[in-house]
Amino acid sequence: MKVKSLAMAALLPPLLFISNTNGQWIGQIQTESDWDALLNQGYFDYNSYQLYRELFEGTAVKDTTEYIQSTLGNPLSDIISPINDQIYSDNPNILSQRIYLRSGQRIQNGNNAGYVLLSSTYRNVNCEYKGRNDNSSWESERRIIGFTSDRINITLGNYTTNIGSGLGIGRYDYKPLGIPRDSLRSDFLYPDNSYYNGAKIEIDNRYTLLESSKKYLSVRKDFCGGAFSIPINDSKIGLTISATQLSEGSNRRTLGEGSIYFSHPDIGLSTEIGYAESGAGAVCELSKRNFNISFWHYAESFVNPQSSGMAYPDYQSFNDPRFPISFRQPQTGESGLSVRRSVAISRLTLVGWILAWKRSNHDPASLDNNLGARFELGNGANLSARYAERSGRGSGRTLGEFGLNLRRKIEAAALVSLWVDGNAVNNARSFAHIFISAPIKAGFLLSARLRSYFNSNLEYFVEERTVISNRFSLKATYRWQDSYSSESGPLYLIMESTL
């Protein structure tokens, strides 16, 4: 396996490239129910699932791929490939609607759950509330009040950030690890999520002030910070400083950080260096249309629970023995290099990726290699294939896929995916499937997928979407698999309305 890895590493550099398409588990998402299924199959953890779930439950984001990358729940190579050309999402830009209502229900034999999202925009004020009902237990999940003007933006409640490369002040305020869901109190004051919870003030697109307070079991987590930037011709240089305090009774632990970041959008360069707790860290990225290279290095004493800086998602946990909680820390001690490149030759597109990283100075290097291709047959049809190999830290795996895709009035796809762990085929994750989506009549779309796993398990879903008017739509998805035995599968019901 090591020989294969080194050979692939030698062959890939001439082909490496960046692409806005998706792959691995992302490429399998064709309906909301797929997110639940992939969570149950262990493709990502629950903390990441909560953030992914926002995409299909109504949150509008401008940078979908970057949003998923910054959750640090999966390797970046799981997201980029030539197989599909979009992440599943059929949400409108809710910020452009005066009133937007979305309600979803999952119904299955006493395991019912649902959510309600209500967003209202009037002039320069936006309000948003999301609550979840899990077997008759109602919880507030997210609530926001925002004010926007020419010079100042104010957000009260839950928010994310996008400052520098995320090394100093990360995009999210991640939940602790290993706390059972039913042990966390989720209410209007402390919703159960991985967003910041407090206030964000942005002034002149240059100054940012942040405050956040969370509570986990008996531990309180408080965060405050700020950033400012200075435009220099076509580039920008900025500074961040922040502190996080954990407290329980008389116990206190304060963690501080500071960083400097630089970006030059015209040449696609962004970098950030910083110091957190007692160690330094640095990230650098050069991104072009068909090329991307990223580098990161963090000292083993770099500790910053707020960071979402570039890193492979395998992590060490940060904990203080005085507190009964711990946080994932993907950055601590890690060094890595990621290179992607795209090459288009007539109707053939080649996708290449190599990612090498070390969890610490004492660990051996690990490799994550991907090579994919898409060949356009014309008239909306294409062939796609991918070979991916991961080796080193943790269990290695090899993935091979081949697909036929048709995008016309009727959308259809066939895919065979072979997953190899070590020298043995993983029959539980290897499968073949057929997908079809067709408009039956105006405003009525019917979709279905039949998937057969190599361990003889079978699953399918049938979905219909009905657009009743330009302001109201309904969608229903029924999903079944062998593990349900004689029980019925879950039924997903989605309602959207705009005013």
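These figures come from a predicted structure and were not determined experimentally. (Residues numbered from 1 in each chain as written. Predicted model: local features only at pLDDT ≥ 70, side-chain atom pairs only at ≥ 80, totals over all residues. Heavy atoms only, no water.)

Some points on the overall build of the chain
Per the secondary structure count, the chain includes 4 helices and 27 strands. Within the chain, the proportion of its 499 residues that are buried is 51%. For the chain, contacts bridging at least 24 residues in sequence account for 50% of all contacts bridging at least 6. (Helix = DSSP H or I, 4+ residues; strand = E, 2+ residues; numbered from the N terminus. Buried < 20%, exposed > 50% of the residue type's maximum accessible area, 1.4 Å probe, protein only. Contact = heavy atoms within 4.5 Å.)

Comments concerning helix H3 (residues 46-56)
Burial of H3 is extensive: 11 of the 11 residues sit out of reach of the surface. Among the residues of H3, Tyr46, Asn47, Ser48, Tyr49, Gln50, Leu51, Tyr52, Arg53, Glu54, Leu55 and Phe56 are the ones counted as buried. Glycine 58 occupies a position one or two residues after H3 and carries a positive phi of about 120°.

Let's talk about the nonpolar core
If you look at the biggest cluster of nonpolar residues, it comprises 22 residues, and the most contacted ones within it are Trp25, Trp35, Phe44, Tyr67 and Ile68. Elements with a contribution of two residues or more to this core: helix H2 (32-40), H3 and helix H4 (64-69). Per element, the largest residue contribution to this core is 6 residues, and it comes from H3. In this view, tryptophan 25 contacts Trp35, Leu38, Tyr43, Phe44, Tyr52, Ile68, Asn74 and Asp78; residues no more than four positions away in its chain are not counted. (Core = buried A, V, L, I, M, F, W, Y, C linked by side-chain atoms within 4.5 Å.)

Brief notes about the pattern of salt bridges
Per the stated rule, a full pass over the model turns up 33 salt bridges. Salt-bridge contacts for lysine 130 lead to glutamate 54; the nearest nitrogen and oxygen are separated by 3.2 Å. Of this pair, lysine 130 sits in strand S3 (residues 125-134) while glutamate 54 is found in helix H3, placing the two residues 76 residues apart along the sequence. Each member of the pair, lysine 130 as well as glutamate 54, carries the same accessibility label: buried. Salt-bridge contacts for glutamate 334 lead to arginine 359; the nearest nitrogen and oxygen are separated by 3.7 Å. Residue glutamate 334 is located in the loop between strand S15 (326-329) and strand S16 (335-345), and its partner arginine 359 is located in the loop between strand S17 (348-358) and strand S18 (366-378); the two are separated by 25 residues in the primary sequence. The pair glutamate 334 / arginine 359 is uniform in exposure class, with both members buried. Through salt bridges with shared partners, a single ionic network connects Arg53, Glu54, Glu57, Glu128, Lys130, Arg132, Glu141 and Arg142. (Salt bridge = Lys/Arg side-chain N within 4 Å of Asp/Glu carboxyl O.)

Focus on unusual backbone geometry
Its identity as a non-glycine residue notwithstanding, asparagine 205 has a phi of 55°, on the positive side. Positive phi is not limited to glycine here, since serine 456 has a value of about 80°. If you trace the backbone, serine 456 turns up in the loop between strand S24 (444-453) and strand S25 (458-469).

Some details on the packing of aromatic side chains
Taken as a whole and assessed by the stated rule, the structure comprises 20 aromatic pairs. Each ring, one from tyrosine 298 and one from phenylalanine 302, has its centre 5.1 Å from the other, and the planes form 50°; the classification is tilted. In this structure an aromatic cluster arises from ring pairing among Trp35, Phe44, Tyr46, Tyr49, Tyr52 and Phe56. Looking at arginine 397, its charged tip hangs above the ring of tryptophan 419, at a distance of 5.4 Å from the centre. The aromatic ring of phenylalanine 431 is capped on one face by arginine 451, whose charged end is 3.9 Å from the ring centroid. (Phe/Tyr/Trp six-rings, centres within 6.5 Å; stacked < 30°, edge-to-face > 60°. Lys NZ or Arg CZ within 6 Å of the ring centre and 35° of its normal.)

Remarks on a nonpolar patch on the surface
Together, Tyr207, Phe228, Ile230, Ile232, Ile237, Leu239, Ile260 and Ile273 give the surface a local cluster of nonpolar side chains, amounting to about 650 Å² of exposed area. The set of elements that each furnish at least two residues to the nonpolar patch consists of strand S8 (219-232) and strand S9 (235-248). Examining the composition of the nonpolar patch, we find that 3 residues originate from one element, S8, more than from any other. Locating isoleucine 230 in the fold gives a position in strand S8. Judged by relative accessible area, isoleucine 230 falls into the partly exposed class, the value being 36%. (Patch = residues over 30% accessible without salt bridge, like charges linked within 9 Å, V, L, I, M, F, W, Y side chains within 5 Å. Areas by Shrake-Rupley, 256 points an atom, 1.4 Å probe, with all protein chains shown as cover.)

Things to note about H2
With 7 of 9 residues buried, H2 is to be regarded as a mostly interior element. The complete set of buried residues in H2 reads Glu32, Ser33, Asp34, Trp35, Asp36, Ala37 and Leu38. Once H2 ends, the next one or two residues include glycine 42, with phi positive near 85°.

Some points on the environment of tyrosine 43
As for its position among the elements, tyrosine 43 is in the loop between H2 and H3. The buried category is assigned to tyrosine 43, whose relative accessible area is 10%. Tyrosine 43 sits 30 residues away from glycine 73 along the chain, and the two C-alpha atoms are 9.1 Å apart. Among residues more than four places away in sequence, those in contact with tyrosine 43 are Trp25, Gln28, Leu38, Asn74, Trp419 and Arg429.

Topic: the pairing of S3
Strand direction decides the pairing type here: strand S2 (residues 113-122) and S3, joined by 10 bridges, are antiparallel. Looking at the pairing, leucine 118 lines up with tyrosine 129 of S3. Taking the residues between adjacent antiparallel strands as the criterion, S2 and S3 are bridged by 2 residues, where arginine 123 takes a positive phi near 55°. Between S3 and the antiparallel strand that follows it, strand S4 (residues 137-148), lie 2 residues; asparagine 135 among them carries a positive phi value of about 50°. (Pairing = 2+ DSSP bridges.)

Some remarks on the environment of tryptophan 353
When you line up the elements, tryptophan 353 lands in strand S17. Taking relative accessible area as the criterion, tryptophan 353 reaches 1% and is therefore assigned buried. As a C-alpha pair, tryptophan 353 and asparagine 292 span 61 residues in sequence and 9.5 Å in three-dimensional space.

Don't take any of this as a statement about function, it's just geometry.
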